[in-house]
Amino acid sequence: MANKYRDYDNYIKEYPDAQGYFGKYGGAYIPPQLENAFKEINEAYATIAQSAKFINELRRIRKEFQGRPTPVYHCERMSNYLGQTQIYLKREDLNHSGAHKLNHCMGEALLAKYMGKKKVIAETGAGQHGVALATAAAFFGLECDIYMGEVDIVKQAPNVTRMKMLGARVVPVGFGLRTLKEAVDAAFEAYMNEYEDAIYCIGSVVGPHPFPMMVRDFQTVVGIEAREQFYEMTGHHPDAVCACVGGGSNSIGMFVPFVADPVEIYGVEPLGRGPKIGDHAASMTYGSEGIMHGFNSIMLQDEQGQPQPVYSVASGLDYPSVGPEHALLHDKGRVKYVTATDDEAMEAFFMLCRLEGIIPAIESAHALAYAIKVAREGRPGSILVNLSGRGDKDIDYVEEHYGCGDNYDFAKLR
Ligand SMILES: *Cc1c(COP(=O)(O)O)cnc(C)c1O
């Protein structure tokens, strides 16, 4: 019998441990200068996570500012077109600012405010984390410094404009390859100089403890809502849930509330152009254990333990590692990690546009691509997909490289 009530409390209590380990993964590998700063964040979060005032304020923000709960939607036309699998979406594309990222940015900025900080600092690659954090900073009246490689600043011009309009300072990073990796280094260095007035806000369930736990806690709202909503709609749990995995925040938020249920769970990694090094960012599928960016996990690394080059058509997914909790769930066999290529994601992208009237983020289209694969196998039952974001940010790129979808024929409805 499906259970309407939460069953995952024991799991949450067990992971991570007090040192921030999910089994053997996670931890906090940080320079000694930052040990006190991280201790301060840890203690503040531990206090605040128990505080009724903090929890109530976050609840109010989610409802009144973010527009939560986001709906669960049954894709009837698409399900009929594909066969018998019933596809459902958790509509994080309808969360304010267009993706799940605001869920943890509002939490991180609220923490900064409670800690008496004046500023939030972060890096951004495609600009999505920068925009979400700039939104949160404007809401709370905090300063916001976003470090961004000069190459990315040119490539992601609309997001740079958004950040500036929201009042953030976009700091160009001009050394090395002038992309995400250098931006991480620059942001981290700025934090080392400014930690008394600022906190560093990580954009996924990665980095040193407590970030993988904190970001997970803020994102579980997605799975908690979806689990209840799906149950209300159908009277049972979905047979499977799936979500795309970059760093792993939207997926962990969806997965954790389902860990104790009889539900199959799939994390979908970007296979890009194929399995050759440099052509994909399927870190769990092709990676090995190692330490990078302050935590131990599964990652794509060379013999020296340096991150390998990654690629995906979805810039939000091209990260060479995954959050430590995913590595644990993989080893436990609780979550299966699968892949979708660029082409599979783009077909899913256009299918959702044409059959359901929803333009998804290319990242989210990877999760949908896996659901489509399952449906084509003719499996009965239901699959709940986390639609992590909307595709407005992607339309210019998609039109230039893939057109508007006229080469697909989705007209032949069964
Ligand atoms: C950033 C982003 C992702 C990938 O990040 P995760 O931490 O893996 O969730 C996925 N979808 C969208 C829409 C994004 O903006």
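Residues numbered from 1 in each chain as written. Predicted model: local features only at pLDDT ≥ 70, side-chain atom pairs only at ≥ 80, totals over all residues. Heavy atoms only, no water.

(A) Quick look at the packing of helix 5 (residues 101–114) against helix 6 (residues 128–140). In the contact formed by helix 5 and helix 6, the axes pass within 9 Å of each other and the chain directions differ by 45 degrees. It follows from the interaxial angle that helix 5 and helix 6 lie oblique. For helix 5 against helix 6, the interelement crossing comes out right-handed. Contacts from Lys-101, Leu-102, His-104, Cys-105, Met-106, Glu-108, Ala-109, Leu-110 and Lys-113 in helix 5 reach Gln-128, His-129, Ala-132, Leu-133, Thr-135, Ala-136, Phe-139 and Phe-140 in helix 6. Its residues assigned to classes, the contact of helix 5 with helix 6 shows 10 nonpolar, four polar and three charged. (Axes fitted to C-alpha atoms, helices over the stretch in contact; angles between N-to-C directions. Helix = DSSP H or I, 4+ residues; strand = E, 2+ residues; numbered from the N terminus. Parallel < 35°, antiparallel > 145°, perpendicular 65-115°, else oblique. Left-handed = near helix turned anticlockwise from the far one by under 90°. Contact = heavy atoms within 4.5 Å. Nonpolar A, V, L, I, M, F, W, Y, C, P; charged D, E, K, R; others polar.)

(B) Spotlight on the sheet that holds strand 5 (residues 119–123). Pairing in this open sheet of four strands is parallel, and the strands run 7-6-5-8 from one edge to the other. The open sheet is flanked by strand 7 (169–173) and strand 8 (198–200), the only strands paired with a single partner. Strand-to-strand twist across the sheet, computed as the mean angle between neighbouring axes with direction ignored, equals 25 degrees. Alignment of strand 6 (residues 143–149) against strand 7, held across five bridges, turns out to be parallel. By the bridge assignment for strand 7, Met-148 is matched with Pro-172. Sheet contacts for helix 9 (residues 180–194): strand 5, strand 6, strand 7 and strand 8; angle to strand 5, the most-contacted strand, approximately 155 degrees. (Pairing = 2+ DSSP bridges.)

(C) Spotlight on the domain arrangement of the protein. Each assigned domain of the protein is listed here: domain 1 (24–63 + 101–212) and domain 2 (67–98 + 219–412). Domain 1 and domain 2 are separated by 24 Å when their C-alpha centres are compared. In this complex, domain 1 contributes 23 residues to the contact, which on the side of domain 2 involves 31 residues. Overall, the association of domain 1 and domain 2 removes approximately 2400 Å² of surface from exposure, summing both partners, and the carbon and sulfur fraction of that is 58%. In this structure, the connection of domain 1 to domain 2 is made through one salt bridge. Of the charged contacts in the structure, one is a salt bridge between Glu-289 and Lys-24, with a shortest N-O distance of 3.0 Å. Taken together, the connections running from domain 1 to domain 2 amount to 14 residue pairs in polar contact (both at pLDDT 80 or more). Counting only elements with at least two residues in the side of domain 1 that touches domain 2, the list comes to strand 2 (25–26), helix 3 (52–64), helix 5 and helix 6. With four residues, helix 5 is the single largest residue contributor to the side of domain 1 that touches domain 2. (Domains from an automatic or database assignment. Buried area = accessible area lost by both parts, 1.4 Å probe. Salt bridge = Lys/Arg side-chain N within 4 Å of Asp/Glu carboxyl O. Polar contact = N/O pair within 3.5 Å; in protein donor to acceptor, adjacent residues only side chain to side chain.)

(D) Geometry of the confidence of the model for the protein. When pLDDT is averaged across the protein, the result is 95; 98% of the residues are at 70 or more. For the protein, per-element mean pLDDT is lowest for helix 7 (residues 150–155), which scores 91, and highest for strand 4 (residues 86–91), which scores 99. (pLDDT = per-residue confidence, 0-100.)

(E) Broad picture of unusual backbone geometry. For the bond from Arg-68 to Pro-69, the omega torsion is 0 degrees, close enough to zero to count as cis. Following the sequence through the fold, Pro-69 ends up in the loop between helix 3 and strand 3 (72–74). A cis geometry characterises the amide bond from His-209 onward to Pro-210, with omega recorded as 10 degrees. By the secondary structure assignment, Pro-210 is in the loop between strand 8 and helix 10 (211–234).

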